[in-house]
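# Summary of structural features
Given next are the chains, with one letter for each unit.
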Amino acid sequence: MSSTRILSFLAIAVLAVAACTSGAAGPVGSSGGGSTAAGVTVGSASSPSFGTVLTGPNGMTLYTHAGDTATSSSCTGSCATTWPPLETKGQPTAGSGVTGELGTITRPDGTTQVTYRGLPLYYWQGDTKAGDTTGDGVEGFSIATVSASEPVPAASVAAPAPSSGGRYGY
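Residues numbered from 1 in each chain as written. Predicted model: local features only at pLDDT ≥ 70, side-chain atom pairs only at ≥ 80, totals over all residues. Heavy atoms only, no water.

## Re the environment of T81
Mapped onto the secondary structure, T81 falls in helix α2 (residues 78-82). In this structure, the C-alpha to C-alpha distance between T81 and Y123, residues 42 residues apart in sequence, is 9.7 Å. (Helix = DSSP H or I, 4+ residues; strand = E, 2+ residues; numbered from the N terminus.)

What follows is the structure in structure tokens.
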């Protein structure tokens, strides 16, 4: 086989691998599609029940947890499997309709999680498609909404911290 053919084959292989890994939407909770050099883009969608809700780069609904603070997430371990954090590699950006302040926190595992109005954002494993809002009210989690008139969940004793035992698989 000539060196030109070998180089051509290698170039095609590299392009094929690059096409399979860049720009594709990642799994729920990943920062795959919608990522920019600056980080993930947080979007919004209209919900008949909740108004304007926040969405991840994959279009899935985002949630906040009442036990979280502006500097830490109470959802780790198996909780983070059930409620995957919205992670980013850089500063998140606001998509159309997102008016609140975006930020980040560093999780105990060293990853960077996106926050909105000071609260960490999560996906819910029970949502299977864009527009699903089935996690609202589950284990202290609430839909993350854009409306400033809606209260941001606050930590309280009534909202239990996610546990390792429960009916939702964590």
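## Some thoughts on unusual backbone geometry
For R117, which is not glycine, the phi dihedral falls at a positive 50°. Tracing the chain through its elements places R117 in the loop between β8 (112-116) and β9 (119-120). For E139, which is not glycine, the phi torsion reads 50° and is therefore positive. Mapping E139 onto the fold places it in the loop between β9 and β10 (141-143).

## Digging into the state of the cysteines
Scanning the model with the defined rule gives one disulfide in all. Across the disulfide from C75 sits C79; the S-S distance is 2.0 Å. Residues C75 and C79 share a disulfide whose torsion about the S-S bond is about -105°; that sign makes it left-handed. Taking the relative accessible area as the measure of exposure, C75 reaches 0% and is therefore buried. (Disulfide = S-S within 2.5 Å. Buried < 20%, exposed > 50% of the residue type's maximum accessible area, 1.4 Å probe, protein only.)

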